[in-house]
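# Examining the three-dimensional arrangement
Letter by letter, the chains look like this.
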Amino acid sequence: MSHAALDRSPQAAVRSAIREHALDPAEHVHAITHPAAGAVATFVGQVRDHDPAVSGEVVALEYSAHPDAPQILHRLAHAAAAQDGVLGLAVSHRVGRLGVGDVAVVAAVATAHRALAFRVCADLVETVKAELPVWKREILADGNALWVGL
């Protein structure tokens, strides 16, 4: 499953994707290159080897997504990119099994100045986390697994 959308309007380049294969942060930055951009803020969410709420070592995460997730992510990306001053925005979420250190989420926002880029990128990541129907199952070293955030 790989769903990606790229839209270059006069306002902002917008890219969103739900992917089963590895995410490349540099690809996201490249997709939103703009001559007026003085700042590109990025966020890279990685799989960590622990969960503070769980005792035990995390060895993998399994992400699954609702069939409407690509369209929802597209809508969230366009809403964030519609803010005045955003020149480009790219956001992707990975699905499937990811090992420790693998990239699960990438967001990149291009603007003329850093403050706006940081703010829009942070707000986008929080919105995606809250509204995108993607679920996470933690696989522990002892063989147990549990759903997170349900």
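Basis of the calculations
Counting restarts for each chain, with residues numbered from 1 along the sequence as it is written. Local features in this predicted model are restricted to residues whose pLDDT is 70 or higher, and side-chain atom pairs enter the listing and the counts only when it is 80 or higher, whereas totals over whole chains, interfaces and linings include all residues. Side-chain metrics in this entry use all non-hydrogen atoms of the structure; hydrogen atoms and water are not considered. For helices the rule is a DSSP run of H or I covering at least 4 residues; for strands it is a run of E covering at least 2, with both sets numbered from the N terminus onward. Residue exposure (1.4 Å probe, protein chains only): buried if accessible area is under 20% of the type maximum, exposed if over 50%, otherwise partly exposed. Any two residues whose heavy atoms approach within 4.5 Å at even a single point are treated as in contact. Working definition of a nonpolar core: buried Ala, Val, Leu, Ile, Met, Phe, Trp, Tyr and Cys residues. They are joined through side-chain atoms within 4.5 Å.

Attention now goes to the overall build of the protein chain. Scanning the protein chain from N- to C-terminus turns up three helices and nine strands. Mapped in sequence order, the helices and strands of the protein chain form the string β-β-α-β-β-α-β-β-β-α-β-β. Evaluated residue by residue, the protein chain yields a buried proportion of 42% over its 150 residues. Contacts spanning at least 24 positions in sequence make up 71% of the contacts within the protein chain whose residues lie at least 6 apart.

Among the nonpolar cores identified, the biggest contains 36 residues, and Leu-89, Val-91 and Leu-132 are the most heavily contacted of them. Secondary structure elements with two or more residues in this core: strand S2 (13-19), strand S3 (39-46), strand S4 (58-65), helix H2 (69-81), strand S5 (86-94), strand S7 (103-111), helix H3 (114-131) and strand S8 (134-140). In this view, Val-91 contacts Arg-15, Ser-16, Ala-17, His-28, Leu-73, Ala-77, Val-106, Ala-107, Leu-124 and Val-128; residues no more than four positions away in its chain are not counted.

Read these as geometric descriptors, not functional statements.
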